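Residues per chain are reported as follows:
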Amino acid sequence: MKSIMRVNDLDLYYGSNHALKNISMDIESNKVTALIGPSGCGKSTFLRTLNRMNDLIGSVQITGTVLFEGQDIYKELDVIEFRKKIGMVFQRPNPFPMSIYENVAYGSRIHGVKNKRELDEIVEKSLVGAALFDEVKDRLKKSGISLSGGQQQRLCIARTLAVEPEIILMDEPTSALDPISTLKVEDLISKLKEKYTVVIVTHNMQQAGRISDSTAFFLNGEIIEKGSTEGIFYKPKDKRTEDYITGRFG
């Protein structure tokens, strides 16, 4: 299977704190990869290394390589251009204080799209892609903040899709949502992999089991085990993985 990203011997330090230790893994195209593990084990820190968000923290030191389509994202790629290709959806929905339409059009406007018809097409296509269009098509001028929590999160996903990324990173995207909204977002993630590669941090074991193709189990800044989700969940090789998945700790 083709890997869109390849991480080799990655170490990350926050000052003297060794937060990620010798991480190596491939992220396969058009698959959902779940990152699981207890709080504070490095999952979200690792996710942020994949789009260089850790660059924003002064005390961070990173060694090793993160290759995107064969290029080192820390040495060979312009960070602005690179981030267009890597979308990010956060734990809590964060729509901008503007209309539903403008939330989705925002990224395209920044990247120079001015034509009204082109923007209309991008907004509709992105909302359809985020399974939200039918619910909001008659109120695109209403504020994005007026939507329910689950709709807001799908609006944030639509905003991400509008700039046509290749990878979508999701940091616990359903942890602030009710069960019905969670299922809608999970259904959406399963559809998104037809066009995109998805990497999701989740605390929810059932969610990882339902939606991911492969899983990496993090503990104390290390990857203890990675492989197909089915293999990790039903035939883990490491006792610590088994203990975490069966709820003995974490």
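Okay, so let's go over this structure. All values reported here derive from a predicted model rather than from experimental measurement.

Rules of the game
Residue numbers run consecutively from 1 along every chain, following the written order of its sequence. Side-chain atom pairs in this predicted model are given and counted only at pLDDT of 80 or more, local residue features only at pLDDT of at least 70, and totals for whole chains, interfaces and linings cover all residues. Excluding hydrogens and water, the side-chain figures rest on all heavy atoms present in the structure. Two strands are said to pair when DSSP picks up at least two bridges between them. Secondary structure counts use DSSP, requiring at least four H or I residues in a row for a helix and at least two E residues in a row for a strand, with both numbered from the N terminus. Axis geometry follows a simple rule: fit a line to the C-alpha atoms, using only the stretch in contact for helices, then measure angles between N-to-C directions, giving values from 0 to 180 degrees. When checking whether two residues touch, look at their non-hydrogen atoms; a contact exists if any pair is within 4.5 Å. Exposure is judged per residue with a 1.4 Å probe applied to protein chains only, and the accessible area is read against the type maximum: over 50% gives exposed, under 20% gives buried, and values in between give partly exposed. In this scheme the handedness of a crossing depends on how the near helix is turned from the far one: anticlockwise by less than a right angle means left-handed, clockwise means right-handed. Just so you know the grouping, Ala, Val, Leu, Ile, Met, Phe, Trp, Tyr, Cys and Pro go in nonpolar, Asp, Glu, Lys and Arg go in charged, and all remaining residues, Gly too, go in polar. Aromatic rings from Phe, Tyr and Trp, taking only the six-membered ring of Trp, are treated as a pair when their centres fall within 6.5 Å; an angle between ring planes under 30 degrees marks them as stacked, one over 60 as edge-to-face, and anything in between as tilted. Lysine and arginine charges are scored as sitting over a ring when NZ or CZ, respectively, is within 6 Å of the ring centre and within 35 degrees of the ring normal.

### Here's the deal with the sheet that holds strand S9 (residues 214–219)
Phase 1 of the analysis: Ordered in space as S6-S7-S8-S3-S9-S10, the six strands form an open sheet in which the pairing is mixed. Looking along the sheet, the strands with just one partner apiece sit at the ends: strand S6 (86–89) and strand S10 (222–228). Each strand of the sheet is rotated relative to its neighbour by a mean of 15°, with strand direction disregarded.
Phase 2 of the analysis: In this structure, strand S3 (residues 32–36) lies alongside S9, joined through four bridges in parallel fashion. Within S9, the residue paired with Thr33 across the bridge is Ser214.
Phase 3 of the analysis: Helix H6 (residues 149–161) contacts S6 and strand S7 (167–171) of the sheet and is inclined by roughly 170° relative to S6.

### Digging into the sheet that holds strand S2 (residues 17–28)
Phase 1 of the analysis: Spatially, the four strands line up as an open sheet ordered S2-S1-S4-S5, and their pairing is antiparallel. What marks the edges here is a single partner per strand, and that holds for S2 and strand S5 (71–72).

### Remarks on the environment of Lys141
Phase 1 of the analysis: By the secondary structure assignment, Lys141 is in the loop between helix H5 (133–136) and H6.
Phase 2 of the analysis: Residue class for Lys141 comes out exposed when judged on its relative accessible area of 81%.
Phase 3 of the analysis: Measuring from C-alpha to C-alpha, the distance between Lys141 and Tyr101 comes to 6.3 Å, with 40 residues separating the pair along the chain.

### What about the packing of helix H3 (residues 100–110) against H6?
Phase 1 of the analysis: Interhelical geometry of H3 versus H6 gives an angle of 35° and a closest axis separation of 7 Å. Relative to H6, H3 is oriented so that their crossing is right-handed. Mapping the contact onto sequence places Ile100, Asn103 and Val104 in H3 and Leu155, Ala158 and Arg159 in H6.
Phase 2 of the analysis: Across the contact of H3 with H6, the residue classes tally to four nonpolar, one polar and one charged.

### Some thoughts on the pairing of S9
The side chains of a regular strand alternate between both faces of the sheet.
Phase 1 of the analysis: Judged by how many residues are buried, S9 sits mostly within the fold: five of six residues are covered.
Phase 2 of the analysis: In this sheet, S10 lies alongside S9 in antiparallel orientation, the contact comprising six bridges. By the bridge assignment, Ser214 is partnered in S10 with Ser228.
Phase 3 of the analysis: Counting the residues in the hairpin turn of S9 and S10 gives two residues, including Asn220, whose phi is positive at 50°.

### Quick word on H3
Phase 1 of the analysis: Among the residues of H3, those classed as buried are Ile100, Tyr101, Asn103, Val104, Ala105, Gly107 and Ser108.
Phase 2 of the analysis: Residues of H3 that are buried make contact with helix H4 (116–129), H5 and H6.
Phase 3 of the analysis: Residue Gly112 follows H3 closely and has a positive phi angle near 100°.

### Brief notes about the environment of Asp134
Phase 1 of the analysis: Structurally, Asp134 is set in helix H5.
Phase 2 of the analysis: Measuring from C-alpha to C-alpha, the distance between Asp134 and Ser59 comes to 45 Å, with 75 residues separating the pair along the chain.

### Points about unusual backbone geometry
Phase 1 of the analysis: Here the phi dihedral of Glu69 falls at roughly 50°; this positive angle occurs in a residue that is not glycine.
Phase 2 of the analysis: Looking at the secondary structure, you find Glu69 in the loop between strand S4 (60–68) and S5.
Phase 3 of the analysis: One non-glycine residue, Glu164, adopts positive backbone phi at about 55°.

### Quick notes on the packing of aromatic side chains
Think of a pair of aromatic rings as described by two things: how far the centres are apart, and how the planes are tilted against each other in angle.
Phase 1 of the analysis: For the structure on display, the rule yields four aromatic pairs.
Phase 2 of the analysis: Ring geometry for Phe68 versus Phe82: centroids 5.7 Å apart, planes at 70°, classification edge-to-face. Pair noted here: Phe68 is in strand S4 and Phe82 is in helix H2 (residues 79–85), with a separation of 14 residues, a long-range link.
Phase 3 of the analysis: Seen from the ring of Phe96, Arg159 lies directly overhead, with NZ or CZ sitting 3.9 Å from the centre.

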